[in-house]
Amino acid sequence: MQITRYHRCTALTIGREIIGGYDKDKISVAVIASHSALQILHGAKKEGLRTVLVTTRERLALYREFSHLIDKVIVVDKWRNICNKDAATSLRRLNSILIPHGSFVEYVGPDCAERIELPIFGLRSLVRVEASQWEKIGLLRRAGIPTPRTYSIGEEIDRIVIVKLPGAKGGKGYFIAKDGEEIAKRLSILVEQGLLKDAADAIIQEYVIGVPAYYHYFYSPLLDRVELMGADIRYETNVDGLRRLPPSLIGSADPSFVVVGNIPLVMRESLLPRILDYGRKFVKQTRRDLPPGIIGPFSLESIVTPSLEIKVFEFSGRIVAGTNLYINGSPYSWLYWDEPMSTGRRIAREIKIALEKDKLSKIVT
Ligand code: AMP
């Protein structure tokens with residue numbers, strides 16, 4: 001499959017223009033009620049910022065438990081309605097900066113991310129890249145970050161592969177295979193079931209044998225540095241459960257990769273230079289492909305092999321749920337800040353620094 005180069009987002013300047021008209025004494029952080037919302041709200045409060053929660057009715061009960069973290073609630077019928085004029089106008093009146101996360105990417109999607117008339121903390125044009133497995137791997141490769149081999153449908157498969165569907169679905173629908181014909185058959189079933197638009201949208205990736213490790217970063221345009229915020233492992237059913245049984249009893253159970261939660265991880269210190277190097281390479285490539293480049297949190301997702309090669313199979317261009325582990329700071333964020341610093345709080349701290357330096361337009365798109 002040809003890896004296409006994406007076009008620059010025409011909506012790039014919306015957020016920068018809107019924030020110019022905001023009341024700088026009344027800036028608020030807005031988030032949709034899912035994924036890492038609690039961490040983001042908590043971090044904003046720690047930094048003394050106002051908060052707005054955009055939620056559907058079903059979620060209200062959970063967030064009511066944490067009402068001390070929320071100044072204003074906006075209820076929408078569906079997530080996509082955050083893009084409607086009314087919701088965006090209400091958020092602008094509250095001088096809101098929208099913080100995108102995994103549920104925003106998956107439920108709201110690239111069209112809304114590109115056109116929503118609100119300042120977004122992060123690179124809004126990256127949401128479209130994140131929706132395509134091929135675009136994602138293309139960006140990583142252009143950055144010079146080692147990635148697993150990929151195969152097209154019909155190409156001879158010479159090793160175990162993992163077949164992944166587009167989007168940020170938390171591993172749903174992925175499968176392991178070894179045989180090209182079987183892959184084509186399973187993909188066409190997914191298309192028939194409406195779970196996949198086109199079989200070519202799925203990516204067939206070498207299944208790298210090793211251990212998974214996800215790195216959380218924060219790029220600060222104001223301090224011009226990449227900070228390592230933490231690392232985690234995802235706890236996935238049932239691939240992480242199968243090892244509890246002897247192989248002779250597993251029979252035909254297929255491993256699946258549906259995320260249930262996250263487990264903390266600290267990296268061997270000798271791996272840190274490479275992990276930071278890949279983070280910096282990623283930042284540079286987003287600047288080349290999609291100026292002004294990434295702003296704030298992102299994650300590289302890897303398998304580390306027995307020869308300590310790090311193969312990055314995915315990225316997330318915004319806060320990842322694994323950062324929820326470190327609401328009171330991680331072993332790395334302590335080193336930079338010497339105070340409890342979650343990724344949610346780090347976002348709010350960047351907003352505070354931007355307010356102090358009168359540089360809010362540098363941290364939004
Ligand atoms: P993803 O949605 O791409 O983050 O992948 C979900 C899970 O599939 C990961 O947490 C890994 O356990 C596994 N995985 C994804 N890609 C690979 C790969 N190329 N090799 C081995 N495991 C993988």
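How each quantity is defined
In this numbering scheme, every chain counts its residues from 1 along its sequence in written order. The model is predicted, so local features are restricted to residues of pLDDT at least 70 and side-chain atom pairs to those at 80 or more, both for listing and for counting; the totals for chains, interfaces and linings are taken over all residues. Hydrogens and water molecules were not included; the side-chain quantities draw on all heavy atoms of the structure. Any two strands between which DSSP finds at least two bridges are classified as paired. Put simply, DSSP H or I for four residues or longer makes a helix, DSSP E for two residues or longer makes a strand, and each gets a number counted from the N terminus. We call two residues contacting when some pair of their heavy atoms lies within 4.5 Å. A fitted line through C-alpha atoms represents every axis, and for helices the fit uses only the stretch in contact; the resulting angles, taken between N-to-C directions, go from 0 to 180 degrees. The criterion for a disulfide is a pair of cysteine sulfur atoms lying within 2.5 Å. Three labels apply to residues, based on accessible area from a 1.4 Å probe with only protein chains included: buried if under 20% of the type maximum, exposed if over 50%, partly exposed otherwise in between. Each domain's limits were defined by an automated method or a database of domain assignments. Ring geometry is summarised as follows: Phe, Tyr and Trp rings, the Trp one being its six-membered ring, pair when their centres sit within 6.5 Å, and such pairs are stacked at plane angles under 30 degrees, edge-to-face over 60 and tilted between the two. Here, a charge over a ring means that NZ of Lys or CZ of Arg falls within 6 Å of the ring centre while also lying within 35 degrees of the ring normal.

1. Some details on the sheet that holds strand β7 (residues 175-177)
In step 1: Across the sheet, 4 strands lie side by side as β5-β8-β6-β7; this open sheet has antiparallel pairing. Edge positions in the open sheet fall to β5 (150-151) and β7, since each of these has one partner strand only.
In step 2: Pairing of strand β6 (residues 161-164) with strand β8 (residues 203-206) involves 4 bridges; the strand directions are antiparallel. Note on β8: the bridge partner recorded for V161 is E206.
In step 3: The strands that helix α7 (residues 133-142) touches are β5, β6 and β8; relative to β8, the one it contacts most, it runs at about 45°.
In step 4: Across the sheet, helix α8 (residues 180-192) is in contact with β6, β7 and β8; its angle to β7 comes to roughly 155°.

2. Here's the deal with the state of the cysteines
Here a disulfide denotes one covalent bond, and it connects the sulfur atoms of two cysteines.
In step 1: Here the structure, examined in full by the defined rule, presents 1 disulfide.
In step 2: Here C83 engages in a disulfide with C112; their sulfurs sit 1.6 Å apart. Taking the torsion about the S-S bond as the criterion, the C83 to C112 disulfide, at about 105°, is right-handed. In this pair, C83 sits in the loop between β3 (72-75) and α4 (85-93) while C112 sits in helix α5 (residues 102-115), placing the two residues 29 residues apart along the sequence.
In step 3: On the accessibility criterion, C83 (10% relative accessible area) is buried.

3. Remarks on the sheet that holds strand β2 (residues 50-55)
In step 1: One open sheet holds the 4 strands; their spatial order is β3-β2-β1-β4, and the pairing between them is parallel. The open sheet has two edge strands, β3 and β4 (96-98), and neither has a second partner. Each adjacent strand pair in this sheet contributes to an overall mean axis angle of 25°, direction not counted.
In step 2: In the sheet, β2 pairs with β3 via 4 bridges, with the strands oriented parallel. Bridge assignment links L53 to a residue of β3, and that residue is V73.
In step 3: Docked against the sheet, helix α2 (residues 37-46) engages β1 (28-32) and β2, running at close to 160° with respect to β2.

4. Structural notes on the domain arrangement of the protein chain
In step 1: Domain annotation for the protein chain reports domain 1 (2-120), domain 2 (149-206) and domain 3 (209-362).
In step 2: Between domain 1 and domain 2, the C-alpha centre-to-centre distance is 33 Å.

5. Focus on the packing of aromatic side chains
In step 1: One pass over the structure, following the stated rule, counts 7 aromatic pairs.
In step 2: Considering the side-chain rings of F121 and F218, the 6.3 Å spacing of their centres and the 35° angle between planes classify their relative orientation as tilted. With F121 in the loop between α5 and α6 (126-130) and F218 in strand β9 (residues 211-220), this pair connects stretches of sequence that are 97 residues apart. Grouping residues by exposure puts F121 and F218 together as buried.
In step 3: Put simply, the rings of Y217, F282, F298 and F315 touch in pairs and so form one group of aromatic residues.
In step 4: The cationic tip of R186 hangs over the ring face of F175; the distance from NZ or CZ to the ring centre is 4.1 Å.

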